[in-house]
Amino acid sequence: MLLVEDDELMRRSFSVALERYGYRVKAAADGLAGLELFRDDSFDLLILDVMLPGLDGIGLCRRVRETSLVPVLMMSARGEGLDVVAGLEAGADDYVVKPVDTYVLVARIRSLLRRATYAPAPALGHAAGDGPPPAEGGLLVFGDLTIDTGGLEVSVSGSPVALTPTELKLLLEFAAHPGIVLERHALLRDVWEYGWDGDSRVVDLCVQRLRKKLGRDRIETVRGFGYKLRR
C-alpha cells in the first residue's frame, strides 16, 4: 500500500505499525512524490493525509481517480471537517481522524480491502416481492440501469459505468433491497463495516457520487430515514 504523510514521525510510526500487521508499505512525504510513486507502481490501497505540501491529499485523490478505482483512505486532523467532505467528494472511500489508534486504522484498511475483493451472494435481489429477479447470467435490471452481479459490472443505457469498490458494494446493497428504505446506520454497518456509530457523511457523499454516475433519480432520499433504489 502507499502511505502519503508529511509528518515524518507519523509516517515512520504508521509504516512500522502496518508492516507488523503484514502489509508492505511505500511512503511519501508530499503529494507530488506520492503521485509519482502511484504512477510508477501498483498498490492495493492508498492512505492519504488531507494536509500535504505541494499537492494536498484532496488533489492527489482527484488525480488518482482520473485513472484508478483503487481504495483510498483519507486521514484528517481533528476539526478538518470541511476537508473530510472535500476528500470524500473527490472519490475517497473512507476516512479516519488523527490521532488514530493502530487497531482502528487496520480495521478500516481490512474493510476497504474486503470491499475491493467483494463477491455478492448468488441470490442477490431475488426474494418474493423484492423487485426483478436476476436474468440469465446474474443480471439485475432497473430501468436503464443494469447490474451484472456475477461479473460485477454496471451499465446505464448500455454504456459501462466505472465504480469504486465502495460505490459498487453500496449499489449492490441497494439492489438487494429495491424499493426498500435503507437507513444510514445500517449502510455504515453493512457496507463500511462500522462496528460503532460512524459518520453518516460517508454514506451521503457516496450516494451523491453514485447519482452522478447513474442518474440523479435512481436513488431516492427518504428524509429522516435514509435512501432507497427506485424499482
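Structure's up top.
The following paragraphs examine the structure supplied in this document. Given the structure is predicted, the values throughout are model-derived calculations rather than measurements. (Residues numbered from 1 in each chain as written. Predicted model: local features only at pLDDT ≥ 70, side-chain atom pairs only at ≥ 80, totals over all residues. Heavy atoms only, no water.)

Next up on the list: the overall build of the chain. Helix and strand counts for the chain stand at 8 helices and 12 strands. Classification of the 231 residues of the chain by burial places 50% in the buried group. Long-range contacts, defined here as pairs at least 24 residues apart, represent 58% of the contacts in the chain between residues at least 6 apart. Roughly 11100 Å² of accessible area belongs to the chain as shown, and the carbon and sulfur atoms make up 51% of that amount. (Helix = DSSP H or I, 4+ residues; strand = E, 2+ residues; numbered from the N terminus. Buried < 20%, exposed > 50% of the residue type's maximum accessible area, 1.4 Å probe, protein only. Contact = heavy atoms within 4.5 Å. Areas by Shrake-Rupley, 256 points an atom, 1.4 Å probe, with all protein chains shown as cover.)

In this structure, the largest pocket occupies an estimated 240 Å³ of space. In terms of lining, the largest pocket is formed by Met1, Gly22, Tyr23, Arg24, Val25, Lys26, Asp41, Ser42, Phe43, Asp44, Leu45 and Leu113. When its residues are assigned to classes, the lining of the largest pocket shows 6 nonpolar, 2 polar and 4 charged. (1 Å grid on protein atoms, 1.4 Å probe; cavity = no way out; pocket = protein on both sides within 12 Å on 5 of 7 lines; lining within 4 Å. Points joined across faces, edges and corners; volume = space filled by probe spheres on them. Nonpolar A, V, L, I, M, F, W, Y, C, P; charged D, E, K, R; others polar.)

Let us now look at the sheet that holds strand E12 (residues 226-229). Taken in spatial order, the 3 strands of this open sheet run E10-E12-E11, and their pairing is antiparallel. Every interior strand has two partners, whereas the edge strands, strand E10 (182-183) and strand E11 (219-222), have only one. Relative to E12, E10 runs antiparallel, the two being bridged by 2 bridges. Among the inter-strand pairings, glutamate 183 is bridged to a residue of E12, identified as glycine 226. Packed onto the sheet, helix H6 (residues 165-175) meets E10, E11 and E12 and runs at close to 75° relative to E12. (Pairing = 2+ DSSP bridges. Axes fitted to C-alpha atoms, helices over the stretch in contact; angles between N-to-C directions.)

All right, on to the packing of helix H5 (residues 102-116) against H6 then. Where H5 meets H6, the closest approach of the two axes is 8 Å, and the angle between their N-to-C directions is 70°. Relative to H6, the element H5 is oriented roughly perpendicular. The segment H5 lies against H6, with Leu112, Arg115 and Ala116 engaging Pro165, Thr166 and Lys169. Residue composition of the contact of H5 with H6, grouped by class: 3 nonpolar, 1 polar and 2 charged. (Parallel < 35°, antiparallel > 145°, perpendicular 65-115°, else oblique.)

With that settled, consider the environment of proline 160. Its location among the elements puts proline 160 in strand E9 (residues 159-161). Assessed through its relative accessible area of 72%, proline 160 is described here as exposed. Put simply, proline 160 and leucine 145 are 15 residues apart on the chain and 10.0 Å apart in space, counted from C-alpha to C-alpha. The residues touching proline 160, leaving out its near neighbours within four places in the chain, are Val154 and Ser155.

The alternating pattern of strand E6 (residues 139-142) places Leu140 and Phe142 on a buried face and Leu139 and Val141 on a face that is not buried. Bridge analysis of E6 against strand E7 (residues 145-148) gives 4 bridges, and the strand direction is antiparallel. Residue pairing in the sheet places leucine 139 in a bridge with aspartate 148 of E7. What sits between the antiparallel neighbours E6 and E7 is a turn of 2 residues, in which glycine 143 has the positive phi angle 65°.

In the segment running from lysine 98 into proline 99, the intervening peptide bond is cis, with an omega of -5°. With respect to the helices and strands, the residue proline 99 is situated in the loop between strand E5 (94-98) and H5. In this structure, leucine 152 is a non-glycine residue whose phi angle is positive, near 55°. Despite not being glycine, glutamate 193 has its phi angle at roughly 65°, a positive value. Considering the arrangement of structural elements, one finds glutamate 193 in the loop between helix H7 (184-190) and helix H8 (201-214). With relative accessibility at 25%, the residue glutamate 193 sits in the partly exposed group.

Everything listed here is a matter of coordinates, which is why it stays silent on function.
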